[in-house]
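Next come the chains, spelled out residue by residue.
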Amino acid sequence: VHLVESGGGLVQAGGSLRLSCSAVGRTSVIFSMAWFRQAPGKERVFVAGIKQSGADATYADSVKGRAYVSRDNIKNIMYLQMNNLRPEDTGDYYCAANFDDGVGVATMSREYDRWGPGTQVTVSS
């Protein structure tokens, strides 16, 4: 499975972005997918995730009410719509895939098996 993100860029605070993550290969092994953000000099943190079925959309507290994660299983694309962006949303956004069946969407980076190269998001104040 290979993952590729797109949709990053520079946006003013209060603006919106939609990130996309395309999955190519044996996508049937994917249980869930997620978005993580890594700010300069900081750890990679969970932003949002969703099961392959489209169920159990899960969000970090920092983005609840401002983010919406979804997926198109025909196109094998996961999306992250982010609204009312804040400067603290700035960072590299990574798409990740988890192959292990579980109860819900994992929020720890170590639980993910494949990662995309990332896409940069910069929110100016």
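Along every chain, residues carry numbers that run from 1 in the direction the sequence is written. Since the coordinates come from a predicted model, pLDDT governs what is reported: local features require at least 70, and pairs of side-chain atoms require 80 or more to be given and counted, while whole-chain, interface and lining totals use all residues. Hydrogens and water are ignored here; the side-chain numbers use all heavy atoms of the structure.

**Q** Would you mind going over the overall build of the chain with me for this structure?
**A** Under the scheme used here, helices are H or I runs from DSSP no shorter than 4 residues and strands are E runs no shorter than 2 residues, and both carry numbers assigned from the N terminus. Counting secondary structure elements, the chain contains zero helices and eleven strands. Sequence-ordered secondary structure for the chain, helices as α and strands as β, is β-β-β-β-β-β-β-β-β-β-β. As defined in this context, the radius of gyration uses C-alpha atoms, and a globule is described by 2.2 Å times the residue total to the power 0.38. For the chain, the C-alpha radius of gyration of 13 Å lies close to 14 Å, the compact-globule estimate for 125 residues. Structurally, the chain occupies a C-alpha span of about 40 × 25 × 25 Å along its principal axes.

**Q** Would you explain the packing of aromatic side chains in this entry?
**A** The description of an aromatic ring pair rests on the distance of the ring centres and on the angle between the ring planes. What counts as a ring pair is set by centres within 6.5 Å for rings of Phe, Tyr and Trp (its six-membered ring), and what kind of pair is set by the plane angle: stacked under 30 degrees, edge-to-face over 60, tilted for all other angles. Taken as a whole and assessed by the stated rule, the structure comprises four aromatic pairs. With a centroid separation of 6.3 Å and 65° between ring planes, the pair formed by Tyr-112 and Trp-115 is classed as edge-to-face. Among the residues examined, Tyr-112 registers a relative accessible area of 6% and is labelled buried. Exposed residues in this analysis have more than 50% of their type's maximum accessible area, buried residues have under 20%, and partly exposed residues fall in between, with area computed by a 1.4 Å probe over protein chains only. On the basis of relative accessibility, which here comes to 28%, the residue Trp-115 falls in the partly exposed class. Each member of the aromatic cluster is reached from another via a ring pair, and the members are Phe-36, Phe-46, Tyr-112 and Trp-115. Looking at Arg-44, its charged tip hangs above the ring of Tyr-94, at a distance of 3.7 Å from the centre. Charges are assigned to positions over rings by a cutoff of 6 Å between ring centre and Lys NZ or Arg CZ, combined with an angular limit of 35 degrees from the ring normal.

**Q** Would you explain the sheet that holds strand S8 (residues 77-82) in this entry?
**A** The strands that make up a sheet pair up through hydrogen bonds in the backbone, lying either parallel or antiparallel. One bridge is not enough; two strands pair if DSSP finds at least two bridges between them. Spatially, four strands are ordered S1-S3-S8-S7 in an open sheet, and the strand pairing comes out antiparallel. The sheet is open, and its two borders are formed by strand S1 (2-6) and strand S7 (67-72), each paired with just one other strand. Strand-to-strand twist across the sheet, computed as the mean angle between neighbouring axes with direction ignored, equals 15°. When S1 meets strand S3 (residues 17-24), the two strands line up antiparallel, connected through five bridges. Among the inter-strand pairings, Glu-5 is bridged to a residue of S3, identified as Cys-21. Axes here mean lines fitted to C-alpha atoms, for a helix over just the part in contact, with angles spanning 0 to 180 degrees between N-to-C directions.

Distances and angles like these do not, on their own, reveal function.
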